[in-house]
Each structure stands twice: as structure tokens, then as C-alpha cells.
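Structural features, examined
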Amino acid sequence: MIALNDFKAEPAALRDAELQAVERVLRSGWYVLGPEVAAFEAGWAAACGTAHAVGVANGMDAIEIGLRALGIGAGDEVITTGMTAVATVLAIRRAGATPVLADIDPATALLDRASVQRCLGPRTKALLLVHLYGQVRDLDGWDAWARDAGVLLLEDCAQAHLAAWNGRPAGSVGRFGACSFYPTKNLGAIGDAGAIVTGDADLAERARVLRNYGQSTRYVHTVEGLNSRLDEIQAALLQVRQRWLAEFTLRRQAIAARYRAGIRNPRVGLLAAPAQPGSHVHHLFVVTTPGREALMAHLQAHGVQSLIHYPVPVHQQVPYASLARDPQGLSATERHAATCLSIPCHPQMADADADRVIDALNRYGEH
Ligand SMILES: *Cc1c(COP(=O)(O)O)cnc(C)c1O
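All of these numbers come straight from a predicted model, not from anything done at the bench. Numbers given to residues run from 1 along each chain, matching the order in which its sequence is written. Since the coordinates come from a predicted model, pLDDT governs what is reported: local features require at least 70, and pairs of side-chain atoms require 80 or more to be given and counted, while whole-chain, interface and lining totals use all residues. Hydrogens and waters are ignored; side-chain quantities use all the structure's heavy atoms.

Observations concerning the sheet that holds strand S7 (residues 152-156)
Any two strands between which DSSP finds at least two bridges are classified as paired. Runs of E in the DSSP output that reach at least two residues are strands. Runs of H or I that reach at least four are helices, and both are numbered from the N terminus. Spatially, S1-S11-S10-S7-S6-S2-S3-S16 is the arrangement adopted by the 8 strands of the open sheet, whose pairing is mixed. Here the strands that pair on one side only, and so sit at the sheet edges, are strand S1 (52-56) and strand S16 (324-325). Along the sheet face, helix H6 (residues 139-149) touches strand S6 (124-130) and S7 and points at about 145 degrees away from the line of S7. Two residues form a contact once any of their heavy atoms are found within 4.5 Å. The angle between two axes is taken between their N-to-C directions and runs from 0 to 180 degrees, where each axis is a line fitted to C-alpha atoms and a helix contributes only its stretch in contact.

Structure follows, in C-alpha cells:
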């Protein structure tokens, strides 16, 4: 079976380095917010082209803490997409702010400018872009739009590690970028982890206070924070795994290019090609098809796993059914959710694996 992810197939050299990193932390006797976290933060900020990175417990907390550090909360609206992990919207709610959902461009499944414009109102404080599937697109255009609109541009970078637009990495264009290192992300921990990246020193400092009970100096609590600390073992593992990230990203991009060249079936649609080299890091490779259940079963029969990201958009989930949204509706989001399918695109796949996936897709619907 060709799976969506195959961690057990990772290089032995990576595994050995991970074991050494864990041992180093165990023997150090310091387990939370210590030198490993500081070293990872410095390395990750450098990779993202930002002056600061603040390690936190997960990607959802990174969004919540970033919003709270900016003072965005009750009475403030944040425009984002419903074609995302629920965490994006839940984090806005946890910060006390009001999510407003705009529709997507069906060619990319990224936010649609005209729909975002329709969601803009007097209470809008920020636009939270989600770099879905690993794509960044028109970041300078969004930056200009946000300036014109008088709102802050924010980036959910959970799926877009190292993606860049005009040489600017994901997370470095908005006021902050929120990163998740959930194991399946392009840079994944061996558990939960996240980070806020930003060029804004004050925001970074407020995030550091918020992640640790609102503690500014020992036993002095200046604001009500949360417990969202990053631990030393995850930070040590992330430093090791970051050393493989560029190579793993190239591998994802090579598999995606092979798919784009090889998939030839009118029943299987592709999203738009990356607009620039390096602007798509292929966290997921997503096709669209009207008969999704049939295609999933066909792939399964040919030894290919597939999953759906995401079958139910956020506004159709029970707690979010009455969320504010584009007055013209979210029909492109709903159509995409009904037709999208993620096929394997991970760094441990061989070309022969990709060719098996292509062959299975091209045979779909044959008599
Ligand atoms: C994974 C993900 C998150 C949440 O990250 P966690 O680390 O799971 O909290 C947020 N947004 C997007 C787009 C994601 O893919």
C-alpha cells in the first residue's frame, strides 16, 4: 500500500540523529523552555526570514497567541477561509474574536480576493491567509490589499514550511506566521509543537509572556496567558528534522511535478500549477473528481491510500454553522470539499511509487 505518509521509511541516519538528540535532552536534566527551544527558535526564524520565532505547544495555539499578542479579541473580526483545518477558526474564537469566512478560488482552493472584499467591514482587524496544501500565491498582492483595507495580514503557515513568494518565505510577509509541527506537516515533531514567526520584536515578546501563564519575569504575571510551552525533546528533534527539510521538500516537489506531467484522465482534475518555482511545497497533492467515493475505492484496490482535506468545510461543522460569511455564500468552498481528494506525495516515495499512483489514476473509469 502506498500511504499518505510513511515515517517508518525515513532514512536511518535521520532516526539515529533523532535518538541522539533525545538522549542529549534526557541527560541534560532540563525539559521545558530551555537551550534546545532557544536554538530551534533561532534556526526556524532564520529559515522563515523573520527576526523572531516563539516556540509554542501546537499550531492552533500559535494562531491564538499571535492574535492575543496583537490585541485582537472581543468585537474584532478576522477574515479567513472555511477550507482549512478547524483549528484555524477555533483559534480565532479562542482569542475571543469573530471569524468571518470568505470563499475560495476553485483553481487553487485559496482565498478569493472578491469574496474577501465582500467580507470586509468596520470591525475587520485582520485577514488570516491559509497557505493550503503548501501553496503561497500573490503574497505581495495580499499585502497591498491589507494595507489599502487598513487591516493586518496574518499567515497560517501550518502546511507551507519553506514555501516562498518572490523570495519571501511563508510567515515573513504577514505581521506574524503561525506554524504547526504536528507530525504529518512538512516539518513535523514526534508529537505536538508549533511556533509564531514574526519580524515584530514587541509581538514576539508578548507571545513569550502569553505562552507561559502571562509571566513576564519569574512569578510576575502581567497578563492572563495560557500554558503553551514547547518542550526540549520536541525542540531537539525539530532541529534534527529541520536539517532534512529542504531535501524532503525537493522530493515532494519532484513527485508533484511527475504527477502533473503524468496524470491524464478527464475524470481527474488538477489544481492550478504553482505560480512560481518554490511557491508550493506540496504538503498535500490534491486532485478533484465528481465521483470521489468511486475513485477512492479504485485507488484502494490498486494499493494507493487517499484521504480528504477537508470533506466538511468549517461552516458546515456543528459549532460553526452560524458563523458570519460572504453574503454571496461559500459555494466554491462547498464544491471543493465535495470533490477534493489527497493522493500520496511524501518524501519517502520512490519515482516508481509515484508512477504506480499515476497509472492507477489514469486507469480510473476504463472499461
Ligand atoms: C495542522 C493545521 C493547524 C493546526 O495545527 P495543530 O498543530 O494541529 O494545532 C492549523 N491550520 C492548518 C491549515 C493546519 O493544517
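Section: the packing of helix H2 (residues 35-48) against helix H8 (residues 232-262)
H8 packs onto H2 with a crossing angle of 30 degrees between their chain directions and a minimal axis gap of 8 Å. Relative to H8, the element H2 lies roughly parallel. Judged by the sense of rotation from one axis to the other, the crossing of H2 with H8 is left-handed. Mapping the contact onto sequence places Pro-35, Glu-36, Val-37, Ala-39, Phe-40, Gly-43, Trp-44 and Ala-47 in H2 and Glu-232, Ala-235, Ala-236, Leu-238, Gln-239, Gln-242 and Leu-245 in H8. Under this grouping Gly is polar, as are all residues other than the nonpolar Ala, Val, Leu, Ile, Met, Phe, Trp, Tyr, Cys and Pro and the charged Asp, Glu, Lys and Arg. In the contact of H2 with H8, the residues fall into 10 nonpolar, 3 polar and 2 charged. Our angle categories are set so that under 35 degrees counts as roughly parallel, over 145 as roughly antiparallel, 65 to 115 as roughly perpendicular, and the remainder as oblique. Helix crossings get a hand from a simple test, with the near helix turned counterclockwise from the far one by less than a right angle marking a left-handed crossing and a clockwise turn marking a right-handed one.

With respect to the sheet that holds strand S15 (residues 285-288)
Read from one edge to the other, the open sheet built from 3 strands follows the order S14-S15-S17, with strand pairing classed as antiparallel. Across the chains shown, the open sheet's two edge strands, defined by having one partner strand only, are strand S14 (269-270) and strand S17 (340-343). Strand contacts of helix H10 (residues 331-339): S15 and S17, with the helix running at about 45 degrees to S17, the strand carrying the most contacts.

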